[in-house]
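# Structure at a glance
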Amino acid sequence: MSDALVPPDGPIGAQPEMPVCARHADRPTRLRCTRCDRPACPDCLREAAVGSQCVDCVNEGRRSGRRSQTLVGAEQTDGRLVVTPVLIVLNALAFVVTAVQAGNPLLNQRSAIFLESALQPVLVANGEWWRILTSGFMHIGLWHLVLNMAVLYIAGSSVEPELGRLRFTLVYFLALLGGNAAAFYFGAAGGLLAGASGAVFGIMGALIVVWRRKKRDISTVVVIVVINLVSNLFTNASLLAHLGGFVIGGLLTLAMVKAPRENRNLYQLGAVTAAVVLLVGMFALRASELRTLIGI
């Protein structure tokens, strides 16, 4: 019997050995970096304009060249969220503290911390100004917290990478203050307000602006916003706070998007300053009216 012919590359059916990740020798992979062509596992790859690049090439690109910019002039990142999860954690921690203090997660609004932090116009006018900020981290019940944080995560996932961390933070907190300012200025003197809804609606407004600018379909977001605003008419939620946050967040983001490339940062700083002046003015005027009304 004659000997069988053996292909030069090895026996029939043999498979070439799979390469391993350049950074993890224990991880076989068929993926490669489109820049350096080294094998890389999924954990070591980052999406790029064309294909995917390994973390080493991404870091090298950051050191050696100027990154591309987003619609508002922020540096393009790898899409990882930082501010959004931090805000969610802070809101969750605030809820846990009030729930533990109240001894009941369903009645956390009875805790002393909650009562010292919620927005009460008369008390604010009497000098307790911290409430216009701390009230944005108080939630009435677990469902209130979960709903707000779910929407924040969904909207923030698209808005934070586009605005960048600094601008996103400014939009969030100014929308929070915008919602509280609207409820404080136009609402009843004896009301009580708590929750991140104004800030969350501000991020929703920002999302509409960003998606509209990028020519994405905004109909679903608009419907969600409208449904939530209409539902305020049949619940204890503050329509004024939601509207105030939505308007401030949307207009501030629009100003950032529309700012000309020349002196873009200066124009955006001007928009932020204008928003701050407006909100401070609303709080100051209403506080003066309330002090006169109650004879302080």
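Let me begin by describing the structure that accompanies this report. Just so it is clear, the structure is predicted and the values come from calculations on it, not from any experiment.

## Describing the pattern of salt bridges
Per the counting criterion, the structure on display carries seven salt bridges. Across the pair Arg27 and Asp43 runs a salt bridge, and its minimum N-O distance is 3.0 Å. With Arg27 in the segment before β1 (45-47) and Asp43 in the segment before β1, the pair connects residues that are 16 residues apart, well separated along the chain. Exposure remark for Arg27: the relative accessible area of 32% places this residue in the partly exposed category. One salt bridge connects Glu289 with Arg286, and the closest N-O pair in it is separated by 3.2 Å. Here Glu289 pairs with Arg286, and both are found in helix α10 (residues 264-294), just three residues apart, close to one helical turn.

## What to know about the packing of aromatic side chains
Taken as a whole and assessed by the stated rule, the structure comprises four aromatic pairs. Ring centres of Phe137 and Phe173 lie 6.2 Å apart, and the angle between their planes is 40 degrees; this geometry places the pair in the tilted category. Of this pair, Phe137 sits in the loop between α5 (131-134) and α6 (142-186) while Phe173 sits in helix α6, placing them 36 residues apart in sequence. Given the relative accessible area of 14%, Phe137 is considered buried. Taking relative accessible area as the criterion, Phe173 reaches 25% and is therefore assigned partly exposed. Following the ring pairs from residue to residue traces out a cluster consisting of Phe137, Tyr172 and Phe173. If you follow Arg216 out to its NZ or CZ, it ends over the ring of Trp211, 4.0 Å from the centre.

## Some details on a nonpolar patch on the surface
A surface patch of nonpolar side chains, amounting to about 400 Å² of accessible area, comprises Val82, Val86, Val89, Leu90 and Leu93. For Leu93, the location among the structural elements is in helix α2 (residues 83-102).

## Some details on empty space enclosed by the protein
A full pass over the atoms with the stated rule returns one cavity of 30 Å³ or more. Along the walls of the largest cavity sit Thr77, Arg80, Glu160, Pro161, Gly164 and Arg165, which together make up its complete lining.

## Thoughts on the environment of Lys215
With respect to the element layout, Lys215 can be found in the loop between α7 (197-213) and α8 (219-231). Take Lys215: its relative accessible area is 77%, and that puts it in the exposed class. For the pair formed by Lys215 and Ile154, sequence separation is 61 residues and the distance between their alpha carbons is 19 Å.

## Section: α10
With 31 residues, α10 should cover 45 Å at 1.5 Å per step; its first-to-last C-alpha distance of 45 Å lies within 8% of that length. When we look at burial in α10, the residues that qualify are Arg264, Gln268, Ala271, Val272, Ala275, Leu279, Met282, Phe283, Arg286, Ala287 and Leu290. Where the residues of α10 are buried, they touch α4 (121-125), α5, α6 and α9 (239-258).

## Considerations on unusual backbone geometry
Positive phi outside glycine occurs at Asp37, with the angle close to 65 degrees. Assignment of secondary structure puts Asp37 in the segment before β1. Here Asn263, not a glycine, exhibits a phi torsion of approximately 60 degrees, which is positive. Assignment of secondary structure puts Asn263 in the loop between α9 and α10. The class of Asn263 is exposed, set by a relative accessible area of 53%.

What counts and what doesn't
- Residues numbered from 1 in each chain as written.
- Predicted model: local features only at pLDDT ≥ 70, side-chain atom pairs only at ≥ 80, totals over all residues.
- Heavy atoms only, no water.
- Salt bridge = Lys/Arg side-chain N within 4 Å of Asp/Glu carboxyl O.
- Helix = DSSP H or I, 4+ residues; strand = E, 2+ residues; numbered from the N terminus.
- Buried < 20%, exposed > 50% of the residue type's maximum accessible area, 1.4 Å probe, protein only.
- Phe/Tyr/Trp six-rings, centres within 6.5 Å; stacked < 30°, edge-to-face > 60°.
- Lys NZ or Arg CZ within 6 Å of the ring centre and 35° of its normal.
- Patch = residues over 30% accessible without salt bridge, like charges linked within 9 Å, V, L, I, M, F, W, Y side chains within 5 Å.
- Areas by Shrake-Rupley, 256 points an atom, 1.4 Å probe, with all protein chains shown as cover.
- 1 Å grid on protein atoms, 1.4 Å probe; cavity = no way out; pocket = protein on both sides within 12 Å on 5 of 7 lines; lining within 4 Å.
- Points joined across faces, edges and corners; volume = space filled by probe spheres on them.
- Expected span 1.5 Å × (residues − 1).
- Contact = heavy atoms within 4.5 Å.

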